[in-house]
Amino acid sequence: MDKVRIALIGNPNVGKSTVFNALTGSNQQTGNWAGKTVERRSGLAHKEGLVIELVDLPGTYSFTAYSQEEVITRDYILRDKPDAVLAIVDAANIERNLYLVLQLLEMTSKVVIGLNMLDLARSTGVDIKAHELSRILRVPVVEIVAAKGQGLDKLLQAAVKVGHSDALKSLSIPYPPELEEKIQRMEEVLKNTGLAKRYPLRWLAIKRLEQDPEIGQEWEVRAVVPVQAHADACCSTGNAVSYDLKSTEDLPGDVLLSELAQAGWGQEEMEMAFADAKYQYINQILPVFKSQVHSGLNLTEKLDQWVLSPIWGYPILTGIVFLAFWVSFILSAPLGDLVSQGMSGLAELVVGVMQGLSIPEVWQSLVRDGMFAGVGAVLAFVPQIAIFFVLYYFLQDSGYLARAAFLGDRFMQMLGLHGKSFFSLISSYGCNVPGIMATRTLEDPKDRLVTILINPLIPCVPRLGVMSAVTAAFFPGGQGALVLVSLLTISILLVMFSALFLRRAVGQTERSAFVMELPLYHLPTWRNILQLAWVRTYSFLKRAWTFILAASVIVWVLSSFPQGVPMNESWAGTMGSWLEGIGRPLGFDWRIMVAIVFGFTAKETTLSTLGILYGVAANASQSIARAMTTAMTGLGAYTFLVVYMLYIPCLATVVTTYKESGSLRWTAFGVAYNLLLSFAVGWLVVQGGHLLGLH
Amino acid sequence: MTTLMDVKTGRKAVVAGIEGSGALRRRMLDMGIVPGVELEVMRQAPWGGPIQLRLRGYYLAMRRSECAQIAVAERI
Ligand SMILES: Nc1nc2c(ncn2[C@@H]2O[C@H](COP(=O)(O)OP(=O)(O)OP(=O)(O)O)[C@@H](O)[C@H]2O)c(=O)[nH]1
C-alpha cells in the first residue's frame, strides 16, 4: 500500500492538536523523541486507499538551536524529509505566524498551509484572502476551522497531493541587498561541502551567518519503528526515532565570519538583521491578503479587562482555583464512594464464590483484604484525578491558565523561578508526574532542575484525599478545614523556601525570565480535553494493577504471616519494630512507620496499609481513619499529616525525576531532601506542640 | 536611553533596539520585537509583576527586567 508521511508544524496554540486528533482519531501513539524529553506523537489516517502517517511536531515560534523542541522540529524536516509539511497558521494572528512559515519555506518547498481559526479572525473583523497568500508564498493554502472539523478533508488532500509531487521551485525571501550579498558569499564558501548536498544551500548559508551551533553536526538515525495500525491508543512509549551524534563537521567560513564581525556584523547583528528582514517582508506582503473589514468587538480584550484587572484579577483567580478544587474534591466524592462500594461489593462476590469452592480462608483473606482493599482504596481516587485534569486542560486550552501565570508571576519572580514554572506547579496538584514533565517547556536546564526538585512538595490529589480523610477523623467540623488550610500553607512556605535554597544548591546564577504569549480566548474542544485528561487518568489507573496491586499483596503477606500471631509479632510488626526508633521522636508507632515505607510505592496505598495493620475492613477510608483515632493523639495525627504530605512522593515521581533530570545524583539528592525536610518539619511540629502544651 | 519600562500604560512606543544576548534576546526577536515595530503597553500586573504588551495583533507578557532591555522611542 502506498504510504505518505506528513509532518504537522505551527506556533503553540494554533490548533495543531485539534487537527491531529480530528484526522487520526484513535490511531495515535504518544512517546518521547529518544534521548530528548520532548513528546512525540504520531498517528495514521486513511484516505482513498492511502495510508497517511501524521507526525505532530512540537509547537514552536522559531527554528533556532536554542531549545530542544525547535531543534527536533527542524531536524525532522531536514533529516527525515517528510513527504509534505502541514503548517497550521492562526488567521487571527497571521503576522507572527508567518514568521515561522517563512523559516519553513527556506528548508523545504513541500508545504501546505492550513489557515485555521478563521471563525475567530472573522469575529475580530479580519478578512484573509487565502488565494492571494497562496500566490505569494507559492504553496497551497486551505481554509479550515479545526474545532468544527471544517476543511480538514481538503487540507489532507492538498497535503497528499504535495507529498506525491516533486519539489517545487520555492519562494526565496528577498532580503535587503546588504544581507543578500553576505548570503551569496557564504554560499560560495559552503557550496562544495558535503552538507551542501543534503541541505538547502541558502538555508545553510543563513544559519552559518547566524552562527547556529548545530549546523555541521551530523547525526545518524538509528532505529525507525513504524507506527502500527492498531497500536495501543494510549500511552505506549513509541520509541520512534533515535539520533546518535556521529561526527561534527568543521564547516568552512570562519574567515568570512570574522571578517564580517570586524565590519560590525557579529552574531547578534546577524540574528537581528535576519529576523528584521523576515518581518519586513511580512509587513510588505500583508496588505495584499489581509484586510480589516470592521473593527469588530474583541472578546478577549473585554474579558481581560476583568480577568487581568489589578482589582478583580486576584479574586477571580482565587474563585476559579477554589471552584476547581471544590469540584474535583467535594463534588466528586459521591463518585469515589460509588467506586469504593462497587469494589467491596465485587470483593464479597468473589469471596463468596471462593467460599462456595471451599478455598482456604487465607486465600479468601488475600483477595479481600490484600488485593481488593488495596486496589479499591486507590481506584476511589480515579474520579478526582479525572475531574481535576479535565478542569486543568479546560483552563489551559481556553487561554485562562496563561492569564493565571501572568497574575502569579510576581510570586514566581520573587522565588527566582521561571514564569513557566507556574504551569508545572499547578498541574502537580493533580499529580506530580505530569507536573515534572511540564518543566520541559523551560529552556534553561538549571531552572528546569530547580522546578523538578520542588514539585514533590506539592500535595497531589490522591495525597490530599488521604489527608482529608485523616483530618476528618481527627478534627471534626470547622477545625478540620483549618487544619487542611494550615497544611497547605506549610507546603507553600516550603515550596518558597526550597525554591530559594535549591537555586543555590543547583548553582543557578542566571536571572530567570518570562516571555509568554497571552493567546486569545478559545472555547476548548471536548475531544482534545478528554483525550489529554484520559492520558493522565490512564497512567494513574495503570498503576492500580501494577505497583499498587503488588504493594497491597506484599503488605498483606507481611502482616498475615507467621499465621496466628498477634499483628505486632507478624513480619510487618518485626519490620515496624526496626523502624520504631526513627519514628519515636515524632511519636509514630510501628504501624505508621510501616505505612510510610509502603507509601513509597504509591502514596494512595497508605490508607489501605493502615487499614490492614489496624485490622479494619479496608474499603471505606473513613473507617480506617477512625481506627487510627484510638491509637493516636491530635498532635500525633497532625505530625503524621505533615510528614505524610512532604516525604518522597512515590516511586513514579522518583522515576520521572530521574528520566527528566537525567541525573542519578540529583534524583538521590531530591529523595534525601524530601525525607530530611519532612522529618525535620515533623519534629518541629512535635516540639512546637509540646511547648504550646498540646498533646 | 528610554526603555520599554518608561512607557506608561496605554501608551505606544517604537522599538529602537534590544540589549543583551543569547537565547532570551533571540526569543524576543522571534516574537517580532525588532527595530521599528510598534508596541502598546496594555497593562501592568500589580506589585512589580509582568507587563502585557500588544504588538503585531497579538498579546505578549514580559517581566519588567526584560522590558528594560528594549530600547524605544516613545510616541503618543
Ligand atoms: N475558535 C476556534 N478555536 C479553535 C480552532 N481550532 C482549535 N481551536 C481551539 O484552540 C485551542 C488550542 O488548540 P490546540 O489544538 O490545543 O493547539 P495546539 O496548536 O496543539 O497547541 P500546542 O499543544 O500548545 O502546540 C483549543 O482550545 C482549541 O479548541 C478554530 O478553528 N477556531
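Here the structure is a predicted model, which is why all the values come from computation and not from measurement.

> Can you lay out the interface of chain B and chain A for me, pointing to particular residues and giving the numbers?
Between chain B and chain A, the contact holds 37 residues from the first and 46 residues from the second. Between chain B and chain A, the buried area comes to about 3700 Å², and carbon and sulfur atoms account for 56% of it. Ranking the residues of chain B by area buried against chain A places B:Arg26, B:Tyr59 and B:Arg63 at the top, with a combined share of 22%. Where chain B meets chain A, there are 6 salt bridges. Put simply, A:Glu95 and B:Arg56 hold a salt bridge, and the shortest N to O gap is 2.9 Å. Linking chain B with chain A are 18 residue pairs in polar contact (both at pLDDT 80 or more). Only helix H1 (22-30), strand E2 (38-44), strand E3 (51-55), strand E4 (58-62) and helix H2 (64-67) of chain B provide two or more residues apiece to the side of chain B that touches chain A. Residues of the side of chain B that touches chain A, tallied by class, amount to 18 nonpolar, 10 polar and 9 charged.

> Provide a residue-level description of unusual backbone geometry, including the pertinent values.
All names here are of chain A. Located in the positive-phi region is Arg-138, a residue other than glycine, with phi close to 60°. Following the sequence through the fold, Arg-138 ends up in the loop between helix H5 (130-137) and strand E8 (141-143). You will see that Ser-358, though not glycine, has its phi angle at about 45°, which is positive. Position of Ser-358 among the secondary structure elements: in the loop between helix H14 (333-356) and helix H15 (361-379). Residue classification places Ser-358 among the exposed residues on the basis of a relative accessible area of 62%.

> Which residues make up the site of the ligand, and what are the values?
Residues and elements named next belong to chain A. In the region of the ligand, 21 residues are neighbours, and Lys-16, Ser-17, Thr-18, Asp-119 and Thr-525 sit closest. The backbone of Met-117 places a nitrogen or oxygen atom 3.4 Å from an oxygen atom of the ligand. Take Asp-119: an N or O atom from its side chain is 2.9 Å from a nitrogen atom of the ligand. Across the complex, the protein chains shield 87% of the 660 Å² of accessible surface that the ligand would expose by itself. Sorting the residues of the shell around the ligand by element identifies helix H1 (16-24) and helix H4 (118-123) as the ones contributing at least two each. The greatest single-element share of the shell around the ligand, amounting to 3 residues, is contributed by H1. For the shell around the ligand, the class distribution of residues is 9 nonpolar, 9 polar and 3 charged.

> I'd love a proper account of the pattern of salt bridges, names of residues and values included.
Going through the model one piece at a time under the given rule, you end up with 28 salt bridges over all chains. The partner of A:Asp56 in a salt bridge is A:Arg41, and the shortest N-O contact between them spans 3.2 Å. Taken together, the positions of A:Asp56 in strand E4 (residues 50-56) and A:Arg41 in strand E3 (residues 39-47) put the pair 15 residues apart, joining distant regions of the chain. Residue class for A:Asp56 comes out buried when judged on its relative accessible area of 7%. With a relative accessible area of 10%, A:Arg41 lands in the buried category. A salt bridge links A:Arg202 to A:Glu180, with the shortest nitrogen-to-oxygen separation between them at 2.9 Å. Placement of the pair is A:Arg202 in helix H9 (residues 201-209) and A:Glu180 in helix H7 (residues 177-190), with a sequence separation of 22 residues. The pair formed by A:Arg202 and A:Glu180 is uniform in burial state, with each residue classed as buried. Three or more residues are tied together by salt bridges with common partners; here these are A:Lys207, A:Glu210, A:Glu271, B:Arg26 and B:Asp30.

> Tell me what's going on with the confidence of the model for chain B, and back it up with residues and numbers.
Close inspection of predicted coordinates is inappropriate for parts of the model with low pLDDT. Across chain B, the average pLDDT comes to 88, with 97% of residues at 70 or higher. The ipTM value of the predicted complex is 0.94, and its pTM value is 0.84.

> Before we move on, can you summarise the environment of A:Leu530 with the specific residues and values?
All names here are of chain A. Following the sequence through the fold, Leu-530 ends up in helix H23 (residues 526-560). By relative accessible area, which is 47% here, Leu-530 ends up partly exposed. Residues Leu-530 and Phe-394 lie 136 residues apart in sequence; the distance between their C-alpha atoms is 9.3 Å.

> So what's going on with the packing of H7(A) against helix H11 (residues 267-289) of chain A? Which residues, and what values?
All names here are of chain A. For the pair H7 and H11, the least separation of the axes is 11 Å and the interaxial angle reads 120°. One way to sum up the angle between H7 and H11 is to call them oblique. The interaxial crossing formed by H7 with H11 has left-handed handedness. Where H7 approaches H11, its residues Leu-179, Lys-182 and Ile-183 are matched on the opposing element by Met-270, Ala-273, Phe-274 and Ala-277.

> Talk me through the side chain of A:Lys278; I want residue IDs and the actual numbers.
All names here are of chain A. Here Lys-278 shows up in helix H11. Assessed through its relative accessible area of 4%, Lys-278 is described here as buried. Here Lys-278 is in contact with Tyr-99, Leu-102, Gln-103, Glu-106, Ile-173 and Tyr-175, once residues within four sequence places are set aside.

> Now, about the nonpolar core: what can you tell me, with residues and values included?
In this structure, A:Leu137, A:Phe640, B:Leu4 and B:Met62 are the most contacted members of the largest nonpolar core, which totals 214 residues. Per-element accounting of this core gives the leading share, 12 residues, to H11(A). In terms of nonpolar packing, the next biggest core, distinct from the first, is built from 25 residues, A:Val4, A:Ile144, A:Leu155 and A:Leu156 among them.

> Hey, could you go over helix H24 (residues 571-583) of chain A for me, with residue numbers and the actual values?
Residue and element names in this part refer to chain A. With 13 residues, H24 ought to run about 18 Å at 1.5 Å a step, and its terminal C-alpha atoms sit 18 Å apart, in line with that. Maximum bend of H24: about 35°, positioned at Ser-577. Among the residues of H24, Ala-572, Gly-573, Met-575, Gly-576, Leu-579 and Gly-583 are the ones counted as buried. Against the buried residues of H24 lie H23, helix H25 (590-598) and helix H26 (605-614).

Calculation rules
Each chain has its residues counted from 1, following the order in which its sequence is written. Chain letters start at A and ligand numbers start at 1, both assigned in the order the entries are written. In keeping with the predicted nature of the model, local features appear solely for residues at pLDDT of at least 70, side-chain atom pairs appear and are counted solely at 80 or more, and the whole-chain, interface and lining totals rest on all residues. Hydrogens are left out, water is left out, and the side-chain values use all remaining heavy atoms of the structure. Two residues form a contact once any of their heavy atoms are found within 4.5 Å. Here's the idea: put two parts together, see how much 1.4 Å probe accessible area each one loses, and the total over both is what we call buried area. Any carboxyl oxygen of Asp or Glu that lies within 4 Å of a side-chain nitrogen of Lys or Arg is treated as forming a salt bridge with it. Here a polar contact means two N or O atoms within 3.5 Å. Within protein one must be a hydrogen donor candidate and the other an acceptor candidate, and residues neighboring in sequence count only if both atoms are side-chain atoms. Starting at the N terminus, helices and strands are each numbered in turn, a helix being any DSSP run of H or I of at least four residues and a strand any DSSP run of E of at least two. Side-chain classes are defined by residue name, with Ala, Val, Leu, Ile, Met, Phe, Trp, Tyr, Cys and Pro counting as nonpolar, Asp, Glu, Lys and Arg as charged, and the others, Gly among them, as polar. Summary of the burial criterion: residues with accessible area below 20% of their type's maximum are buried, those above 50% are exposed, and those between are partly exposed, where the area comes from a 1.4 Å probe applied to protein chains only. A cutoff of 4 Å decides nearness: a residue is near a molecule or strand if any of its heavy atoms lies inside that distance of it. Per-residue and other accessible areas follow the Shrake-Rupley method at a 1.4 Å probe size, with only the shown protein chains counted as cover for residues. Per-residue confidence from the predictor is reported as pLDDT, which spans 0 to 100. Axis lines are fitted to C-alpha atoms, over the contacting stretch for helices. Their N-to-C directions set the angle, which ranges from 0 to 180 degrees. Note on angle classes: values under 35 degrees are labelled roughly parallel, values over 145 roughly antiparallel, values of 65 to 115 roughly perpendicular, and the remainder oblique. Helix crossings get a hand from a simple test, with the near helix turned counterclockwise from the far one by less than a right angle marking a left-handed crossing and a clockwise turn marking a right-handed one. Residues belong to a common nonpolar core when they are buried Ala, Val, Leu, Ile, Met, Phe, Trp, Tyr or Cys residues joined through side-chain atoms within 4.5 Å. For a helix, the expected span equals 1.5 Å multiplied by the number of residues minus one. Working definition for bend: take the seven residues up to and ending at a residue and the seven starting at it, fit an axis to each, and measure the angle between the axes.

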